[in-house]
Amino acid sequence: MTPHMEALAYRIWAYANPREWDCSYAEIADGTGIGYDLVARVISDKGWAGRVPKGGNTNRDRSGTYVAWHKKGMNVDPNLLAVDQLML
């Protein structure tokens, strides 16, 4: 993987690991600001697909996480560390 993809993988891991991977690809995408398709690609490339619940990508609201933060007046998860954005 490229350094950029590794940085994206870290952001995904940093979001999902504290939640014990009990989140859908859509929730990870909303929480990290990474596109849904790119989240799915990184998770697949890293071999993490088994960590996300099987039903977790079909029955959940694709925007629920963002909506919860937006109601609090925030646009992103304040706990995110955007490592890939710091890389030049």
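Residue indices begin from 1 for each chain and proceed along its sequence in written order. Reporting of local features is limited, given that this is a predicted model, to residues whose pLDDT is at least 70; pairs of side-chain atoms are given and counted only at 80 or more, and all residues count toward the totals for whole chains, interfaces and linings. Water and hydrogen atoms play no part in the side-chain values, which are based on all heavy atoms of the structure.

Engineer: Hey, could you run me through the nonpolar core in this one?
Structural biologist: Counting residues in hydrophobic clusters, the biggest one holds 17 residues, and the most contacted among them are Ile 12, Trp 21, Ile 28, Val 39, Val 42, Ile 43 and Trp 48. Mapped onto this core, the elements with two or more residues apiece are helix 1 (3–16), helix 2 (25–32) and helix 3 (36–46). Should any heavy atoms of two residues lie within 4.5 Å, those residues are counted as being in contact. In contact with Val 42, not counting residues within four places along its chain, are Met 1, Met 5, Leu 8, Ala 9 and Ile 12. Each nonpolar core is a collection of buried residues, namely Ala, Val, Leu, Ile, Met, Phe, Trp, Tyr and Cys, held together in the definition by side-chain atoms within 4.5 Å. Whether a residue is buried, partly exposed or exposed follows from its accessible area with a 1.4 Å probe, protein chains only, as a fraction of its type maximum: under 20%, in between, or over 50%, in that order. Numbering of helices and strands starts at the N terminus; helices are DSSP runs of H or I of at least 4 residues and strands are runs of E of at least 2.

Engineer: Is there a simple way to explain the packing of helix 1 against helix 2 in this structure?
Structural biologist: Two quantities define a packed helix pair, namely the angle between the helix axes and the distance between the axes. Close contact between helix 1 and helix 2 brings their axes to 10 Å; oriented N to C, the two are set at 110 degrees. Regarding the angle of helix 1 to helix 2, the classification is roughly perpendicular. Taking contact as the criterion, the partners of Arg 11, Ile 12, Tyr 15 and Ala 16 in helix 1 are, on helix 2, Glu 27, Ile 28, Gly 31 and Thr 32. Ten residue types, Ala, Val, Leu, Ile, Met, Phe, Trp, Tyr, Cys and Pro, are classed as nonpolar, four, Asp, Glu, Lys and Arg, as charged, and the remainder, Gly among them, as polar. Within the contact of helix 1 with helix 2, the residues separate by chemical class into 4 nonpolar, 2 polar and 2 charged. All axes are obtained by fitting lines to C-alpha atoms, using only the stretch in contact for helices, and the reported angles, taken between N-to-C directions, cover 0 to 180 degrees. By the definition adopted for this analysis, an angle is roughly parallel if under 35 degrees, roughly antiparallel if over 145, roughly perpendicular if from 65 to 115, and oblique otherwise.

Note that all results are geometric; they support no functional claim without further evidence.
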